[in-house]
Amino acid sequence: MMNNKLYKKLVIAMMITTISAVAAASAADTTASVRPVDLAQADAIQSRAKAEQQEIKAEKAQQKKAAKAEAKAKKAAAAVRPVDITPELREELAQKIADDAAKSAEKAADKRAKNQEIDPVIVIGRVPTNGTVDLNLPKTVQMALDYNRDIKMSQYALKKAEYAINQAQAGKKPTVDYNFGAQRSRATDAATYSRAASLMGGANSVSNAFSNGISVNIPLYTGGLVEGQIDVAKLGKTNAQEEILRVEQATKYSAIQGYYGLLAYQELQGVYHEAVDNLQGHLDNVQAQYNVGTKAKVDVLSSDVSLANAKTTAITADNNVAVAESNLNNILGLPLETKLNLADHQLPFDTYNISLQEATDYAMKYRPEVLQAALAVQTAENNIDIADASNKPTVKVSGGNNWNDNTFPGIDANKRSWNIGASVTYSFYDGGATKAKEALLVARETEQKTREAVQLEVKQAYLNIRSAAQKVEETQTVVDQARENYRIQNIRYQAGVGINLDVLDAQLSLNEAQVNHIQALYDYNVGIAKLEQVMGVDVESGVI
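Because the structure is predicted, anything quoted here is derived from the model rather than measured.

Some points on the environment of Leu220
Residue position: Leu220 is located in strand β3 (residues 204-221). Between the alpha carbons of Leu220 and Thr394 there is a distance of 7.7 Å; along the sequence they are 174 residues apart. With residues near it in sequence (within four places) discarded, Leu220 still touches Val395, Lys396 and Val397.

What follows is the structure in structure tokens.
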């Protein structure tokens, strides 16, 4: 009887033979005969099929393992992830923070009222909401300097630097320490401990001990360590002073930029609304002529489209004014809804004469960033001295008195002890000097980089002013010509010798000329403020 294994091989061989025969018969250009497949080939095919099945099974097992690992990771992440903040929870947290802040503010206000103190942090609201403030440029700058928060923070930093000097100077002064100790103890007298004592409850004793001590340490020599720290602290104060000047100059520039920005947007608003009025009048004229049959419908349509575009631009101009006003309110620390009435109605064009060399020399001498970079070099040099001082001996003398007693407060003149001594400390090696020298090189490179950057800023600001001045003069001429051209084209059209397109083009040219002129005036005035800032001109000086 044929075994199962041999039977499987014969079946596979017959199947392969049949498939080969079918394939050969279906081919139009071949008549190859079917060759029988031997049992050895059937074994190879079966082995390859088993191998493929094993690979598929292994791949599925790997995928299943990876899926389990991913699920496990997600579960672990979910375990440590904070609970999602729902809208209800968010509302609860926001309300709690607001309530806590209100309580804290109320408590601080009561404390200030009790001590008759004024809150140094100015809160927005010095004028009523929807109030009105009249402004000119000097007043704008002064208000910004008075209420700018960056300036106040730099002033706090200066006080901190002053405290650092006092802290450094304390290293040269004597230090006095006082200590008090109290102790209560219970001990068993082992020498008298016996069976009889045990029966009576034990032989125990309770005692009190109180101590008082005062000590004085006087540094005699620190190898220049304390002196170097004092010098560094003083340089820190000078740097803080320069930082105040830098912030003040930046604040002044921001205020000028905000003032002229609002003024420029107001002028542009007038330009675009004037264009709307002009195009509305022109459309009315075209419509009237069309009604009597002297103009074509296309003139009405094109005029209407131009008017609609002008109205859209005017809406944008209105929004720009509102945004600029809010921006200036923010700079001045006023409520954002405050209405600002500017004393100026046109951007000025005043002569400003200074040479590039004069501006550069002034910046190299007075620009706060340049001076701060130089201070950083001096600080790095002092840090080298401080690091070197770590390799020098330090000498100090000390003395003290101690009292001990078993009754409070523990001061018994008969149980007094005193001590006096001197100590010398010497560090054989400290690698800090090497690090300090590298820091000096970095500070020197930074100083040169700062000077070069400032020179570039000065030249850019100077050239921008010159360019803006030329544009102001050129655009003024163009505005006059564009206005006259619009007048002529309008008259020609009304007389029937011009076309509608000429009128509309003339209006667009007039708008463009006016916008370019206002932009040039804005660039010129803000450019002067920028040049003075990069020069390091003091806020009390300058053209403003």
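Quick word on the packing of aromatic side chains
Summed over all chains, the structure comprises five aromatic pairs. When the centroid spacing of 6.2 Å and the interplanar angle of 85° are considered together, the rings of Phe180 and Phe408 count as edge-to-face. Here the residue Phe180 occupies a position in strand β2 (residues 175-188), and Phe408 occupies one in the loop between β5 (394-405) and β6 (416-425), the gap between them amounting to 228 residues. What links up through ring pairs into an aromatic cluster is the set Phe180, Phe210 and Phe408. Its guanidinium or amino end placed over the ring of Tyr493, Lys295 lies 4.1 Å from that ring's centre, counting from NZ or CZ. A cation over an aromatic ring shows up here: Lys530 above the ring of Tyr253, its NZ or CZ 5.0 Å from the ring centre.

Focus on the side chain of Ser303
As for its placement among the helices and strands, Ser303 is situated in helix α8 (residues 297-332). Here the side chain of Ser303 touches Asp299 through a polar contact of 2.8 Å, landing on its backbone oxygen. If we ignore the near neighbours within four places in the chain, the residues touching Ser303 are His282, Leu283, Val286, Asn500 and Leu504.

What to know about helix α4 (residues 137-147)
Listed in full, the buried residues belonging to α4 are Leu137, Thr140, Val141, Met143, Ala144 and Leu145. Buried residues belonging to α4 abut β1 (132-135), α5 (149-169), α7 (225-291) and α8. Here α4 starts with a cap whose side-chain oxygen sits 2.9 Å from the backbone nitrogen of Lys139, and that cap is Asn136.

Observations regarding the nonpolar core
Counting residues in each nonpolar core, the largest one holds 74 residues, and the members touching the most others are Leu135, Tyr260, Leu347, Tyr524 and Leu531. Among the elements of the structure, β1, α4, α7, α8, β4 (339-342), α9 (356-366), α11 (432-495) and α12 (500-535) are those that each provide at least two residues to this core. With seven residues, the next largest nonpolar core counts Ile384, Ala436, Leu440 and Ala443 among its residues.

Focus on a nonpolar patch on the surface
On the surface, a cluster of nonpolar side chains totalling about 550 Å² of accessible area is made up of Val176, Tyr178, Phe180, Ile214 and Phe408. Sorting elements by how many residues they give to the nonpolar patch places β2 first, with three residues. Along the chain, Ile214 falls in strand β3.

Some points on the confidence of the model for the chain
Of the residues in the chain, 81% have a pLDDT of 70 or more, and the chain-wide mean is 83. pLDDT under 50 marks residues 25-35. Its contacts with residues more than four places away, or in other chains, come to six contacts. Long-range and interchain partners of residues 192-203, a stretch whose pLDDT sits below 50, account for eight contacts in this model, where long-range means more than four residues apart.

Description of the packing of α7 against α8
Two packed helices can be described by the angle between their axes and the distance between those axes. Closest axis-to-axis distance for the α7/α8 pair is 8 Å, and the angle between their directions is 160°. On the basis of the axis angle, α7 is roughly antiparallel to α8. Relative to α8, α7 is oriented so that their crossing is left-handed. Taken together, the residues of the contact of α7 with α8 sort by class into 19 nonpolar, 14 polar and six charged.

Rules used in this analysis
Residues numbered from 1 in each chain as written. Predicted model: local features only at pLDDT ≥ 70, side-chain atom pairs only at ≥ 80, totals over all residues. Heavy atoms only, no water. Helix = DSSP H or I, 4+ residues; strand = E, 2+ residues; numbered from the N terminus. Contact = heavy atoms within 4.5 Å. Phe/Tyr/Trp six-rings, centres within 6.5 Å; stacked < 30°, edge-to-face > 60°. Lys NZ or Arg CZ within 6 Å of the ring centre and 35° of its normal. Polar contact = N/O pair within 3.5 Å; in protein donor to acceptor, adjacent residues only side chain to side chain. Buried < 20%, exposed > 50% of the residue type's maximum accessible area, 1.4 Å probe, protein only. Core = buried A, V, L, I, M, F, W, Y, C linked by side-chain atoms within 4.5 Å. Patch = residues over 30% accessible without salt bridge, like charges linked within 9 Å, V, L, I, M, F, W, Y side chains within 5 Å. Areas by Shrake-Rupley, 256 points an atom, 1.4 Å probe, with all protein chains shown as cover. Salt bridge = Lys/Arg side-chain N within 4 Å of Asp/Glu carboxyl O. pLDDT = per-residue confidence, 0-100. Axes fitted to C-alpha atoms, helices over the stretch in contact; angles between N-to-C directions. Parallel < 35°, antiparallel > 145°, perpendicular 65-115°, else oblique. Left-handed = near helix turned anticlockwise from the far one by under 90°. Nonpolar A, V, L, I, M, F, W, Y, C, P; charged D, E, K, R; others polar.

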